[in-house]
Amino acid sequence: MSPRPTPSRLTTRRQFGKQLGLASAAIALSAGSYSRVFGANERLSVASVGTGGKGWSDLLGVAASPAVRVAALCDIDSSKPHLGRAAEKYPEAKQYADWRKLMDESKEIDAVIVSTPDFMHAPVALVAMQQGKHVFCQKPLTHTVYEARQMQLAAKKNNVVTQMGNQIQSHSAYRTAVEMVHSGLIGKVKEVHSWQSGTPAWPRHIERPEGSDPVPSHVNWELWQGVAPERPYKEDLYHPFAWRGWQDYGTGQLGDFGCHILDPVFKSLELTAPTQLVAEAPPLKPETWTDAATVRYVFPGTERTAGETINVTWYDGVGVKPPREVLGDVPASYDLPQAGSVLVGEKGSLVIPHVAMPKLFPEDKYPESEQPKVEAVDHYVQWADACRGADTTTSAFDYSGPLTEAVLLGTIGIRFPGETLQWDSAQLRIANSDAAQKFLSKPYRKGWEPSWV
Ligand SMILES: NC(=O)c1ccc[n+]([C@@H]2O[C@H](COP(=O)([O-])OP(=O)(O)OC[C@H]3O[C@@H](n4cnc5c(N)ncnc54)[C@H](O)[C@@H]3O)[C@@H](O)[C@H]2O)c1
């Protein structure tokens, strides 16, 4: 494995770029930013990169806006569940296998939906933003912390409208939970416990199997691998969906769910960057993510928290939930949901199931008739409207970037169980571990190096 670059300070971003060998800037295309003013009847031209899996519902969600025209579709897999179905539904849209070609020919495109596996989010989205295009990008925003910071900088520099695909944020359940905290129902929050106890349907804690399988004629494996190190194709191990379990492509259970489950925690408490974190996890296999981890974060306190700092603990693993004794007023008789959070407040405790309406305890203190209920909004149409200047997004990269950074720092912690990592967000530095610092970024395949901001 080639040595990892070490981003040490935000202010030395240029040197960091050089370390990554960006002189070739192979996938940097023309830069430029614009804020187009849309006429009342003018539609937003949208391209979708990754049209199968979640990309299909992302595309339908955005295209639900009558002000959107689906102009281009890109997928490395031409079969029906991937490019095929989208091409049938939007026959007028241009079709691509290679997103770089799409970007080359994309003058008429205003906005791009990025629904590829995690490791390709930043490479695609950064080029789109450098071209002044608005971006909707799936969660977690990126594969590395450094990429997440770059996404924030690129969105700002190019003045584009952004939204991360943590669509549950816009669900009534999560919006209501945030309002319950903001309205002071549970008082200031003393600690938070968040968990995902479900069974992931992707490979965990395994070694890479020997050999290779023939690449199906409908899959472009070279394009799928993109910025990642090359490896032989194996059926059902990577594409589609199963890539989540592999460090080169995905971010494990915390990366997969953290940007959903921790989102109402971030939104309601207005959290910023953690100052430290420590993980408990079995030693990682060389290439896959673990099957259970606990990450204990410390964040600076906010107006919504009881102390100068607040502890937020993440738990994952099949059947793993927080111990009952730390859950404040939540009675032992209450069945905790499979995934969610408990915010322990000075006046009461709030359970935020993933995804169901939040629940306040002690029950007799919070009659239902006195509880707020916030209606859902449309996460996708909100973005499309915002791109046309008619709304603002709630998970723009200046919000979802720091959320993703915190989640991905947790995945770095999982690589170093038992070591307390001190995080200096302003300097983009894990102050007390050079070994951990290296995982803020990663090597990129030659010829595929992104062009940073
Ligand atoms: N917000 C949510 O609730 C939610 C749910 C599921 C997945 N996701 C996210 O959506 C993304 C995709 O996940 P998935 O489960 O749909 O994965 P998937 O592998 O099932 O689907 C990805 C799609 O992108 C295509 N693709 C892969 N690489 C590509 C490339 N370089 N260019 C163009 N197309 C490419 C694949 O062929 C496939 O059609 C991930 O980031 C994941 O975390 C979010």
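One structure accompanies this document, and this report is about it. Remember, it's a predicted structure, so these values are computed and weren't measured experimentally.

1. Some remarks on the nonpolar core
Membership of the largest hydrophobic core comes to 96 residues, with the highest contact counts inside it found for Met129 and Leu343. Residues contacting leucine 343, with those up to four places away along its chain left out, are Val181, Ile186, Val189, Glu191, Val192, Val265, Ser268, Leu269, Gly348, Ser349, Leu350 and Ile352.

2. Focus: the pattern of salt bridges
Summed over all chains, the structure comprises 19 salt bridges. The salt bridge involving glutamate 105 is made with lysine 101; its shortest N-O contact spans 3.4 Å. Its relative accessible area of 46% is what places lysine 101 among the partly exposed residues. Residues glutamate 405 and arginine 149 are paired through a salt bridge, measuring 2.6 Å at the closest nitrogen-oxygen approach. Residue glutamate 405 is located in helix α12 (residues 397-415), and its partner arginine 149 is located in helix α6 (residues 145-158); the two are separated by 256 residues in the primary sequence. Per residue, the accessibility class of glutamate 405 equals that of arginine 149, and both read buried. Three or more residues joined by partner-sharing salt bridges are found here, namely Arg208, Arg231, Asp248 and Glu287.

3. Structural notes on unusual backbone geometry
Omega for the peptide link from lysine 139 to proline 140 comes to -20°, which places this bond in the cis form. For proline 140, the position within the fold is in the loop between β5 (134-137) and α6. In this model, histidine 239 is joined to proline 240 through a cis peptide bond whose omega is -10°. Its location among the elements puts proline 240 in the loop between α8 (221-225) and α9 (252-261).

4. Some words on the side chain of arginine 304
Mapped onto the fold, arginine 304 is located in the loop between β9 (292-300) and β10 (309-317). Those residues in contact with arginine 304, other than ones at most four positions away along the chain, are His182, Lys188, Val189, Ser268, Leu269 and Glu270.

5. Considerations on the site of the ligand
Lining the immediate surroundings of the ligand are 27 residues, of which Lys54, Asp75, His82, Asp118 and His121 lie closest. Note that an oxygen atom of the ligand is positioned 2.5 Å from one of the side-chain N or O atoms of aspartate 75. Interatomic distance of 3.0 Å between a side-chain N/O atom of glutamine 138 and a nitrogen atom of the ligand. About the coverage of the ligand: the protein hides 93% of its 840 Å² of free accessible area. One can see that the ligand is located within the largest pocket. Grouping the constituent residues of the shell around the ligand by class yields nine nonpolar, twelve polar and six charged.

6. Thoughts on the pairing of β5
Side chains of β5 alternate between two faces, with His134 and Phe136 and Val135 and Cys137 buried alike. Note: strand β4 (residues 111-114) against β5, four bridges, orientation parallel. Bridging across to β5, valine 114 finds its partner in cysteine 137. As for the winding sense of the linkage, the β-α-β connection from β4 through helix α5 (residues 121-130) to β5 is right-handed. Bridge count between β5 and strand β6 (residues 162-164): three bridges; the pairing is parallel.

7. Overview of α5
Every α-helical turn comprises 3.6 residues, leaving residues that sit three or four positions apart pointing alike. Within α5, ten of the ten residues are buried, leaving the element largely enclosed by the surrounding structure. Within the sequence span of α5, burial applies to His121, Ala122, Pro123, Val124, Ala125, Leu126, Val127, Ala128, Met129 and Gln130. Directly after α5, the chain includes glycine 132, whose backbone phi takes a positive value near 80°.

8. Describing the sheet that holds strand β14 (residues 421-424)
With mixed pairing, nine strands are arranged side by side in an open sheet as β13-β12-β11-β7-β10-β9-β8-β14-β15. The sheet is open, and its two edges are formed by β13 (359-361) and β15 (429-430), each paired on a single side. Strand direction decides the pairing type here: strand β8 (residues 276-280) and β9, joined by five bridges, are antiparallel. Counted as the bridge partner of valine 278 is arginine 296 from β9. Strands β7 (189-196), β11 (339-345), β12 (349-353) and β13 of the sheet are contacted by helix α7 (residues 172-182), whose axis makes an angle of about 165° with β12. Set on the sheet, α12 makes contact with β8, β9, β14 and β15; between it and β9 the angle comes to about 130°.

9. A look at empty space enclosed by the protein
Taken as a whole, this structure holds three cavities of 30 Å³ or more when the rule is applied. Roughly 50 Å³ of internal volume is contained in the largest cavity. Lining of the largest cavity is provided by Thr251, Gly252, Gln253, Leu254, Trp289, Thr290, Ala293, Asp316, Thr411 and Ile414. Listed by contribution, the elements that provide at least two residues to the lining of the largest cavity are α9 and α12. Here the lining of the largest cavity takes three residues from α9, the largest share from any one element.

10. Here's the deal with the packing of aromatic side chains
Across all of its chains, the model carries 16 aromatic pairs by this definition. Pairing phenylalanine 119 with tryptophan 224 gives two aromatic rings, centres 5.2 Å apart and planes at 55°, and the pair type is tilted. With phenylalanine 119 in the loop between β4 and α5 and tryptophan 224 in helix α8, the pair connects residues that are 105 residues apart, well separated along the chain. Overall, tryptophan 224 belongs to the buried group, its relative accessible area being 5%. Ring centres 5.2 Å apart and planes at 65° place the aromatic pair tyrosine 238 and tryptophan 246 in the edge-to-face group. Given a relative accessible area of 0%, tyrosine 238 falls into the buried group. Classification of tryptophan 246 as buried rests on a relative accessible area of 0%. Taken together, the ring pairs connect Phe119, Trp221, Trp224, Tyr233, Tyr238, Trp246 and Tyr249 into an aromatic cluster. A cation sits over an aromatic face here: arginine 100 above tryptophan 448, 3.9 Å from the ring centre.

Here is what the cut-offs are and how they apply
- Residues numbered from 1 in each chain as written.
- Predicted model: local features only at pLDDT ≥ 70, side-chain atom pairs only at ≥ 80, totals over all residues.
- Heavy atoms only, no water.
- Core = buried A, V, L, I, M, F, W, Y, C linked by side-chain atoms within 4.5 Å.
- Buried < 20%, exposed > 50% of the residue type's maximum accessible area, 1.4 Å probe, protein only.
- Contact = heavy atoms within 4.5 Å.
- Salt bridge = Lys/Arg side-chain N within 4 Å of Asp/Glu carboxyl O.
- Helix = DSSP H or I, 4+ residues; strand = E, 2+ residues; numbered from the N terminus.
- Near = heavy atom within 4 Å.
- Polar contact = N/O pair within 3.5 Å; in protein donor to acceptor, adjacent residues only side chain to side chain.
- Areas by Shrake-Rupley, 256 points an atom, 1.4 Å probe, with all protein chains shown as cover.
- 1 Å grid on protein atoms, 1.4 Å probe; cavity = no way out; pocket = protein on both sides within 12 Å on 5 of 7 lines; lining within 4 Å.
- Sits in = over half its atoms within 2 Å of the grid points.
- Nonpolar A, V, L, I, M, F, W, Y, C, P; charged D, E, K, R; others polar.
- Pairing = 2+ DSSP bridges.
- Right-handed = clockwise from strand over helix to strand, strands pointing away.
- Axes fitted to C-alpha atoms, helices over the stretch in contact; angles between N-to-C directions.
- Points joined across faces, edges and corners; volume = space filled by probe spheres on them.
- Phe/Tyr/Trp six-rings, centres within 6.5 Å; stacked < 30°, edge-to-face > 60°.
- Lys NZ or Arg CZ within 6 Å of the ring centre and 35° of its normal.

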